[in-house]
Amino acid sequence: MFAEPGVGAAVDIVHSYDDATWDDSGPTRAVEAVLESGHVLAFPRLGFRFEDDERRFLDPRWADPASKNISVRWPQGELRGAVGSEGDLGPLKALVVRYAEASEALALRLFPHYRGHLRRGNSSFRPVEVVGRARSWRQDDTRLHIDAFPSNPMHGTRLLRVFSNVNPNGQPRRWRVGEPFEAHARRYLGRIGRPLPGSAWLLHATGITKRRRTEYDHLMLQLHDRAKADAAFQQTSPQAHADFAPGTTWVCFSDQVLHAAMGGQHMMEQTFTLDAAREALPASSPLAVLERLTGRPLLAGA
Ligand SMILES: [Fe+2]
């Protein structure tokens, strides 16, 4: 954990909306521009409801200690990371699938421009407390970062995430959010070298990456790592605390919004992927920003 943020301008990127329903009758729609310009869309009145007989799942004992994360993988729809009997795992999976469906309905109402192009990624239920997980600095998500993965090159594809705090004890999900993506890229870009020749081939050939790591993926991973390793950045860069109370749902592009999860327990999370070209304003995507700043295409060899 880091101290309270010190110097640095405040960040105001959380926009709140009054919606109280997941379905198509809710008031907010066509807010792609808000999302794509790097905001977090928060819905303090939009809770994900557990039925009475589902409330027993609000307990870390259902999560495999090795993964701490109960998830449903698509398109197969298989349950991972949960421990329990057949009779319990069926209803647990149904709960997570219901969240996936609710999130998808919400996302398609908020972002109708993405209809037909939004792909459903993992659906997760996280009953384990954020603070106290023993992890390396690179995996420490209490440090501000953009999402980028060593083994899973995205090739510019966007990561859209729908989170919901389902804590039954009044405990908020505590985040920090940080500077805009372009400012963040400018902070480190001059210090990041190009990938070594042949390295993308080697990483793929040895199975370290699922497909070739493009220069875009190299830069995103470097931004992720350099931010997390930079204690001064963590403490003094422009940032703000954002507490999401139980019953709140929030949405952002997690490959664009600098974020850190500082505390909280019991959260639902749905990931969607979207080709950057399908955005309403593709010029604001991390790929477009990085290509503009470097002055060259970054998906060569993809
Ligand atoms: Fe993250």
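I will try to describe carefully the structure that is included in this document.

Here is what the cut-offs are and how they apply
Residues numbered from 1 in each chain as written. Predicted model: local features only at pLDDT ≥ 70, side-chain atom pairs only at ≥ 80, totals over all residues. Heavy atoms only, no water. Pairing = 2+ DSSP bridges. Helix = DSSP H or I, 4+ residues; strand = E, 2+ residues; numbered from the N terminus. Axes fitted to C-alpha atoms, helices over the stretch in contact; angles between N-to-C directions. Donors = N, O, S within 2.8 Å, 3.2 Å for Na, K, Ca; no water. Buried < 20%, exposed > 50% of the residue type's maximum accessible area, 1.4 Å probe, protein only.

1. Comments concerning the sheet that holds strand β11 (residues 267–274)
Step number 1: Taken together, 8 strands build an open sheet; the order of strands is β1-β2-β9-β6-β11-β5-β3-β4 and the sheet is mixed. Both edges of this open sheet fall to β1 (14–16) and β4 (78–80), since each of them pairs with a single strand only. Direction aside, the axes of adjacent strands within the sheet are offset by 20° on average.
Step number 2: Both strand β3 (residues 70–73) and β4 contribute to a ladder of 3 bridges, which runs antiparallel. Of the residues in β4, the one forming a bridge with Val72 is Leu79.

2. Overview of the sheet that holds strand β8 (residues 239–244)
Step number 1: Across the sheet, which stays open at both edges, the 3 strands sit in the order β8-β7-β10 with antiparallel pairing between neighbours. Both edges of this open sheet fall to β8 and β10 (259–263), since each of them pairs with a single strand only. The mean inter-strand angle of the sheet, taken between neighbouring strand axes irrespective of direction, is 25°.
Step number 2: Strand direction decides the pairing type here: strand β7 (residues 173–178) and β8, joined by 6 bridges, are antiparallel. Bridge pairing links Arg176 to His241 in β8.

3. Quick look at the coordination of the iron ion
Step number 1: Protein ligation of the iron ion involves His145 (NE2), Asp147 (OD) and His259 (NE2), the donor distances falling in the range 2.1 to 2.2 Å.
Step number 2: Donor residues for the iron ion sit on one chain with the sequence pattern H-x1-D-x111-H. Here Asp147 is found in the loop between β5 (119–126) and β6 (158–165), whereas its partner His259 is found in strand β10, with 112 residues between them in sequence. Of the two residues, Asp147 and His259, neither departs from the other in class, the shared state being buried.

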